Amino acid sequence: MERLTSPARLMIVSDLDHTMVDHHDPENLSLLRFNSLWEHAYRHDSLLVFSTGRSPTLYKELRKEKPLLTPDVTIMSVGTEITYGNSMVPDHGWVDTLNHKWDLGVVKEESGKFSALTLQAETEQRPHKVSFYVDKSKAHEVTKELSQRLENRGLDVKIIYSGGMDLDILPQGAGKGQALAYLLKKLKSEGKLPVNTLTCGDSGNDAELFSIPDVYGVMVSNAQEELLKWHAENAKDNPKVIHAKERCAGGIIQAIGEFKLGPNLSPRDVSDFLECKVENVNPGHEVVKFFLFYERWRRGEVENSEAYAASLKASCHPGGVFVHPSGAEKSLIDTIDELRKHHGDKQGKKFRVWVDQVLATESAPGTWMVKLGKWEQSGDERIGCTTTVKFTAKEGEGLVWEHVQQTWSEESKLDDSSWII
């Protein structure tokens, strides 16, 4: 979060499964729509927070399966773990808070006396979270009796039932809502309280997110019965919480527009590459737009026309250089000619491209350096590289690509010949 020197324009706090991620969307289109909108319009001055019931292990598995962006903050294990940045640095102050009136051994001992509870996988058992499966018909009874037993043992816990089957036991001070309240308090103490915060969820363990004062909330259209019931009983008169008409990430985009929190037209919703323009100089938009065009070109979704090739070449410096991840150099003009040969080579195939952590800095007046992660998914294979682009602003011409350099990401191993740019 240190990259922002002033309050975030918008902080989005979103659940993952069935909220940001639609497991019924094999092409991940709603997630990719959100990704391009965020990197184009928000990454530079806003904060992205993922708040998930998943443990770190299952969260990392999801990142390998889906084209998720890298968040600024990750809240995991139903609000019991807060980490920051790429390296997921833990918040030790939050750990100290959760230790109050919590004893993991006692929780395991008492919960083990209930035959209706089935322990979840070992990866889901965390220092401040014990997780079970329970039949819906027995959830209320078990919750009531177990709460009383733990209270009698001197503990102060909360039991959250969600997803129609998951039962989590946490310290009373834990949960998605309290974790968000802690984060907001921390940002406020640093003079960086976000201008607006939008919370997003679909199930019972997300209800707390919508209870935080002065935040906006969206229940995606596919929200579960337990969350809709909570809303009807607790927040139906709150105009800052809506039930979206669109599923998952599409509902988040809808909420940004309905609450007038900023731009909500994703570059993926603009059909014509040549018409995709912005009023102000925006190097981040340029890279989002180019790699989206690159995907459409290879999928054969745009016409193989001279106009597109001419437009691309016109945006390149005549002496512009591309440094391939292998280290080989060629001119940007030659790279565009190479791209032309691959028109439609991914047509009818599972092929998607997205960018992550697009951050631009003006290194000198009219000169911009943009760093980003660029990813390609082709079938079940995912490959990525770190990309640095140098732009110069030319009056009347917009931004000109001067230099592009790429290096392989740690997890990418690829035959160099199949990577274009």
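Here, the structure is the one placed above.
Keep in mind that what you see is a predicted model, and the values were worked out from it rather than measured.

**Looking at the overall build of the chain**
Move 1: For the chain, the helix and strand inventory stands at eleven helices and 18 strands.
Move 2: Scaling as 2.2 N^0.38, a compact globule of 421 residues should have a C-alpha radius of gyration of about 22 Å, and the chain matches this with 24 Å.
Move 3: Taken across its 421 residues, the chain has 54% of its residues classed as buried.
Move 4: A separation of at least 24 residues holds for 65% of the contacts in the chain among residues at least 6 apart in sequence.

**Some points on the sheet that holds strand β7 (residues 130-133)**
Move 1: Read from one edge to the other, the open sheet built from four strands follows the order β6-β7-β9-β8, with strand pairing classed as antiparallel. Whereas interior strands pair on both sides, the edge strands pair on one side only; in this sheet they are β6 (118-119) and β8 (157-162).
Move 2: Inspection of the sheet shows β6 paired to β7 by two bridges, in the antiparallel sense. Bridge pairing in β7 links Thr118 to Tyr133.
Move 3: Along the sheet, helix α4 (residues 104-111) makes contact with β7 and β9 (166-171), crossing β7 at roughly 20°.

**As for the nonpolar core**
Nonpolar side chains tend toward joint burial in soluble globular proteins.
Move 1: Ile12, Met20, Phe34, Trp38, Leu68 and Leu198 are the most contacted members of the largest nonpolar core, which totals 32 residues.
Move 2: For this core, the secondary structure elements donating two or more residues are β1 (10-14), α1 (29-41), β2 (47-51), α2 (56-65), β10 (196-201), β11 (216-219) and α8 (248-258).
Move 3: Leaving out residues up to four positions away in the same chain, Leu68 has contacts with Leu16, Met20, Val21, Leu31, Phe50, Leu62 and Arg63.
Move 4: Counting residues in each nonpolar core, the second largest holds 29 residues, with Val288, Phe290, Phe291 and Val355 among its members.

**Side note on the pairing of strand β16 (residues 367-378)**
Move 1: The element β16 is extensively covered by neighbouring structure, given that nine of its twelve residues are classed as buried.
Move 2: Pairing geometry for strand β15 (residues 351-364) and β16, over eleven bridges, is antiparallel. Residue Asp356 lies in a different strand from β16, and its bridge partner there is Gly373.
Move 3: The pairing of β16 with strand β17 (residues 381-394) spans twelve bridges and is classified as antiparallel. Across the sheet, residue Glu376 finds its bridge partner in β17, namely Ile383.

**Side note on unusual backbone geometry**
Move 1: Unlike most non-glycine residues, Asn28 shows phi in positive territory, near 55°.
Move 2: Examined against the element boundaries, Asn28 turns out to sit in the loop between β1 and α1.
Move 3: The backbone of Cys248 sits at a positive phi, close to 45°, despite the residue not being glycine.

**Topic: the packing of aromatic side chains**
Geometrically, a pair of aromatic rings is defined through the distance of the ring centres and the angle of the planes.
Move 1: By the definition in use, this model includes 13 aromatic pairs.
Move 2: Geometrically, the ring pair formed by Trp94 and Tyr182 is tilted, given 4.9 Å between the ring centres and 45° between the ring planes. Here Trp94 is found in helix α3 (residues 92-98), whereas its partner Tyr182 is found in helix α6 (residues 176-189), with 88 residues between them in sequence.
Move 3: Relative to Tyr308, the ring of Phe293 lies with its centre 5.3 Å away and its plane at 45°, an arrangement referred to as tilted. Of this pair, Phe293 sits in helix α9 (residues 283-298) while Tyr308 sits in helix α10 (residues 306-314), and the two are 15 residues apart along the sequence. Each member of the pair Phe293 and Tyr308 is classed as buried.

**Let's talk about the sheet that holds β16**
Move 1: Read from one edge of the open sheet, six strands run β14-β13-β18-β17-β16-β15, paired in mixed fashion. Because the sheet does not close on itself, it has two edges, and the strands there are β14 (329-331) and β15. Averaged over all pairs of adjacent strands, the angle between strand axes in this sheet comes to 20°, irrespective of strand direction.

What counts and what doesn't
- Residues numbered from 1 in each chain as written.
- Predicted model: local features only at pLDDT ≥ 70, side-chain atom pairs only at ≥ 80, totals over all residues.
- Heavy atoms only, no water.
- Helix = DSSP H or I, 4+ residues; strand = E, 2+ residues; numbered from the N terminus.
- Rg over C-alpha atoms; globule rule 2.2 N^0.38 Å.
- Buried < 20%, exposed > 50% of the residue type's maximum accessible area, 1.4 Å probe, protein only.
- Contact = heavy atoms within 4.5 Å.
- Pairing = 2+ DSSP bridges.
- Axes fitted to C-alpha atoms, helices over the stretch in contact; angles between N-to-C directions.
- Core = buried A, V, L, I, M, F, W, Y, C linked by side-chain atoms within 4.5 Å.
- Phe/Tyr/Trp six-rings, centres within 6.5 Å; stacked < 30°, edge-to-face > 60°.

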